[in-house]
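Coordinate inspection notes
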Amino acid sequence: MQTSELAQSTLKKHFGYHSFRPLQSEIIETIVNHKDSLVLMPTGGGKSICYQLPALLMEGTCIVVSPLISLMKDQVDALHSANIKAAYMNSSQTPAETIATWEKYRTGALKLLYISPEKLISKFDRLMNATRVSLIAIDEAHCISSWGHDFREEYTKLSIIKKTYPKLPVIALTATADKLTREDIIKQLKLTNTSRFISSFDRPNLSIRVRSGLSKKKKENEIISFIKKREKECGIIYCLSRKNTESLSETLENFGIKSGVYHAGMSAKQRNKVQTDFINDEIQIICATIAFGMGIDKSNVRWVIHYNMPKNIESYYQEIGRAGRDGLPSDTVLYYNYNDALILHQFALESGQAELNISKLKRMQHFAEATTCRRKIILTYFNEHQTEDCGNCDVCKNPPKMIDGTIIAQKALAASFRTKEKVGTQMLIKILRGSSDKDLINKNYHFLKTYGVGKEISTDHWQQYIMQMLNLGLFEIAYDRGFALAISESGKEVLYSKRTVELAQAIDTPSSKSKSMETFRDENHDIIVDELFESLRQLRLAIAKRDKVPPYIVFNDAALKEMALKKPVTSIDFLMISGVGEAKLEKYGKTFINCIQEYLINQE
Ligand code: ADP
Ligand code: ZN
């Protein structure tokens with residue numbers, strides 16, 4: 001049999017899938033032919049199969065380097081559920097466990113061994129001499145590059161692999177790497193004659209929405225109504241600070257929504273418990289700082305909310321990418337406000353790579369403020385050019401109306417000018433709207449000529465306009481002067497009527513009757529309320545508990561959905577479901593078929 005045919009039948013037999021996703025079969029072919037490769041695929045794109053399948057086809061053991069301990073266990077559980085011999089080796093294990101794993105490895109009983117980079121480096125010679133190694137896969141390979149956004153010192157030592165064994169095929173995989181980082185990975189790992197596989201970064205099943213300039217209360221109300229419409233679904237809310245995660249979780253609780261909290265200030269044990277409960281569908285919602293999700297492979301996360309803006313597009317895309325790994329429609333919402341940008345700017349300044357991080361932050365802000373298809377902007381960022389608008393982002397769904405914003409901008413600029421550019425956004429809006437705020441009166445701003453000239457525009461709308469002006473570069477933030485708004489050179493041109501400016505007409509927030517949040521849900525989201533699906537889900541949960549594995553390792557949501565739709569009652573039909581391989585047919589086929597049969601009888 002040809003490699004490609006063999007790969008195809010192995011895919012169905014072990015993983016239950018009928019066909020490869022784009023690039024998977026080419027990558028597999030490259031590895032089987034003993035060539036190095038660099039794979040760039042988005043989260044959920046299907047990277048694992050790219051080395052797991054060659055591991056099955058090739059003689060010996062595939063070593064997988066992974067920095068994430070929790071992910072190792074997950075991957076190994078998933079492989080076991082497909083009857084593939086695999087194990088992991090890391091610092092979380094007892095000496096007895098390590099010895100047992102080592103014994104299996106040494107005798108060649110494993111097709112895959114997951115290992116942390118530290119362990120691989122410290123035991124490199126022993127590992128390589130103990131048994132035949134078929135290939136080495138390096139997951140999260142961007143960690144090797146200081147250009148990337150998650151540099152890890154221990155990764156740099158991985159160059160030892162190719163230095164010592166130039167002919168051993170190595171596959172480096174990552175979900176986030178710009179051009180520079182990609183080439184740096186190849187250089188650092190000393191890969192030779194490398195085939196580069198850059199898959200499309202598009203995740204069309206994720207809806208993208210940005211909401212800007214909302215007050216805390218409005219933001220939280222929106223989030224609550226968003227969650228209430230998604231009762232049985234799992235989701236993550238990312239916050240910038242530990243305090244936010246806790247207070248948000250409390251607010252949700254007050255509205256009868258249960259959620260877990262996850263941040264770096266908690267003990268490892270507490271964090272582990274929350275993560276495990278989430279993976280096992282025991283907690284549906286997590287309010288977390290960005291520390292959460294790195295080691296999570298959960299395929300049925302149906303939505304991701306950013307309570308605050310992330311620091312760059314890479315992080316943002318990786319975080320929203322945790323939704324909808326199973327390919328089913330999933331929703332993402334980013335809440336953006338200028339304060340977040342200020343805090344992040346401060347972090348970037350202190351980061352040691354200030355220039356790079358500030359420019360990345362700027363790109364993120366541009367994205368959040370965009371008035372053109374957001375997915376196009378993300379894809380462009382990753383050097384991918386799409387000509388068509390996506391139709392699944394807020395801009396595509398509700399294109400902003402552009403208006404001549406010259407007078408609006410002039411009012412704001414003039415007001416700032418009259419304060420000698422001393423005030424920040426909030427005070428500026430108060431002046432424009434003629435507020436009787438105590439602080440404002442104390443500073444005599446009510447005597448300014450511009451006091452109250454913007455009364456007819458609501459505070460919310462002013463927020464949106466000023467944010468746009470910042471992004472257009474009419475205003476700048478004076479970081480050294482208490483974050484006051486400063487008028488830029490181009491701001492002056494507008495102020496002195498030397499040029500005009502276009503602004504996107506400000507929109508009302510949903511609480512003031514706009515439909516922008518609603519249309520998404522109704523048009524886009526495929527609510528799964530099917531009765532049979534629900535029974536299958538319950539069955540899956542029971543089996544997962546019994547076997548002590550996460551529910552999605554039994555079957556993912558996509559497989560359950562297909563079962564609910566096609567209602568297979570014979571083994572042959574059951575095997576036709578995507579995600580059902582031979583091992584799963586044998587383990588779970590009967591039980592799930594019974595469940596479907598029962599449903600059909602009750603329908604008669
Ligand atoms: P990544 O590591 O790239 O984030 P995974 O390897 O975890 O993604 O794959 C994401 C999901 O897609 C998993 O549930 C996986 O089983 C599924 N998958 C991978 N390849 C295929 C395929 N060829 N057909 C259908 N589903 C696939
Ligand atoms: Zn779009």
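Everything that follows concerns the structure shown earlier in this document.
Residues numbered from 1 in each chain as written. Chains lettered and ligands numbered in written order. Predicted model: local features only at pLDDT ≥ 70, side-chain atom pairs only at ≥ 80, totals over all residues. Heavy atoms only, no water.

1. Focus on the sheet that holds strand β13 (residues 330-336)
Paired through backbone hydrogen bonds, the strands of a sheet run either parallel or antiparallel to each other. Here 6 strands make up an open sheet; going across it, the order is β8-β13-β12-β9-β11-β10 and the pairing parallel. The outermost strands of the open sheet, each flanked by one partner alone, are β8 (206-212) and β10 (260-262). Going from strand to strand, the sheet's axes swing by 15° on average, the running direction of each strand aside. Looking at chain direction, β10 and strand β11 (residues 285-288) are connected through 3 bridges and run parallel. Among the inter-strand pairings, Gly-260 is bridged to a residue of β11, identified as Ile-286. Helix α11 (residues 242-254) rests against β9 (234-238), β10 and β11 of the sheet, and its axis sits at about 150° to β11. (Pairing = 2+ DSSP bridges. Helix = DSSP H or I, 4+ residues; strand = E, 2+ residues; numbered from the N terminus. Axes fitted to C-alpha atoms, helices over the stretch in contact; angles between N-to-C directions. Contact = heavy atoms within 4.5 Å.)

2. Description of the nonpolar core
Core analysis: the largest hydrophobic core is formed by 132 residues, its most contacted members being Ile-136, Ile-138, Phe-475, Phe-555, Met-563 and Phe-592. Those residues in contact with Phe-555 that sit more than four places away from it in its chain are Arg-540, Leu-560, Met-563, Phe-574, Gly-579, Val-580, Lys-584, Tyr-588 and Phe-592. With 32 residues, the next largest nonpolar core counts Ala-7, Phe-20, Met-41 and Cys-50 among its residues. (Core = buried A, V, L, I, M, F, W, Y, C linked by side-chain atoms within 4.5 Å. Buried < 20%, exposed > 50% of the residue type's maximum accessible area, 1.4 Å probe, protein only.)

3. Focus on the site of ligand 1
Lining the immediate surroundings of ligand 1 are 16 residues, of which Tyr-17, Ser-19, Gly-44, Lys-47 and Ser-48 lie closest. Measuring from an oxygen atom of ligand 1, one finds a side-chain N or O atom of Tyr-17 at 2.5 Å. Protein contacts shield 84% of the accessible area of ligand 1, which totals 570 Å² for the unbound molecule. For the shell around ligand 1, the per-class residue count stands at 4 nonpolar, 8 polar and 4 charged. (Near = heavy atom within 4 Å. Polar contact = N/O pair within 3.5 Å; in protein donor to acceptor, adjacent residues only side chain to side chain. Areas by Shrake-Rupley, 256 points an atom, 1.4 Å probe, with all protein chains shown as cover. Nonpolar A, V, L, I, M, F, W, Y, C, P; charged D, E, K, R; others polar.)

4. Things to note about the environment of Ser-207
Locating Ser-207 in the fold gives a position in strand β8. With 116 residues separating them in the primary sequence, Ser-207 and Ala-323 have C-alpha atoms 10.0 Å apart. Within the local environment of Ser-207, its side chain forms a polar contact with the side chain of Asp-331, the two groups lying 2.7 Å apart.

5. Brief notes about the pattern of salt bridges
Pairs may arise between side chains of opposite charge once their charged atoms sit close together. Applying the stated criterion across every chain, the model contains 26 salt bridges. Salt-bridge contacts for Arg-106 lead to Glu-103; the nearest nitrogen and oxygen are separated by 2.4 Å. Here Arg-106 pairs with Glu-103, and both are found in helix α5 (residues 95-106), just 3 residues apart, close to one helical turn. Measuring nitrogen to oxygen at the nearest pair gives 2.8 Å for the salt bridge that ties Asp-326 to Arg-302. Residue Asp-326 is located in the loop between α13 (313-320) and β13, and its partner Arg-302 is located in strand β12 (residues 301-306); the two are separated by 24 residues in the primary sequence. When its relative accessible area of 9% is taken as the criterion, Asp-326 is described as buried. Note on Arg-302: relative accessible area 4%, which makes it buried. (Salt bridge = Lys/Arg side-chain N within 4 Å of Asp/Glu carboxyl O.)

6. Overview of empty space enclosed by the protein
Taken as a whole and judged by the stated rule, the model has 4 cavities of 30 Å³ or more. Roughly 60 Å³ of volume is contained in the largest cavity. Taken together, Pro-42, Thr-43, Ala-175, Thr-176, Phe-201, Arg-203, Glu-314, Tyr-317, Gln-318, Gly-321 and Phe-382 make up the full set of residues lining the largest cavity. Here the lining of the largest cavity is composed, by residue class, of 5 nonpolar, 4 polar and 2 charged. (1 Å grid on protein atoms, 1.4 Å probe; cavity = no way out; pocket = protein on both sides within 12 Å on 5 of 7 lines; lining within 4 Å. Points joined across faces, edges and corners; volume = space filled by probe spheres on them.)

7. Observations regarding the coordination of the zinc ion (ligand 2)
Ligation of the zinc ion (ligand 2) by protein atoms is provided by Cys-373 (SG), Cys-390 (SG), Cys-393 (SG) and Cys-396 (SG), these donors lying 2.3 to 2.4 Å from the ion. Within one chain, the residues serving as donors to the zinc ion (ligand 2) are arranged as C-x16-C-x2-C-x2-C. We classify Cys-396 as partly exposed; its relative accessible area is 22%. (Donors = N, O, S within 2.8 Å, 3.2 Å for Na, K, Ca; no water.)

8. Details of the pairing of strand β7 (residues 195-198)
Taking every second residue as pointing to the same face, the buried face of β7 carries Ser-195 and Phe-197, while none of Arg-196 and Ile-198 on the other face is buried. Where strand β1 (residues 37-40) and β7 come together, 4 bridges link them in parallel fashion. Note that in β7 the partner of Ser-37 across the bridge is Ser-195.

9. Digging into helix α26 (residues 557-566)
Since the α-helix turns once every 3.6 residues, residues separated by three or four places project in the same direction. Taken as a whole, α26 has its buried residues at Asp-557, Ala-559, Leu-560, Glu-562, Met-563 and Ala-564. The inward-facing, buried residues of α26 contact β12, α24 (531-547), α27 (571-575) and α28 (582-603). Two residues or fewer past α26, Lys-567 is found with a positive phi of approximately 45°.

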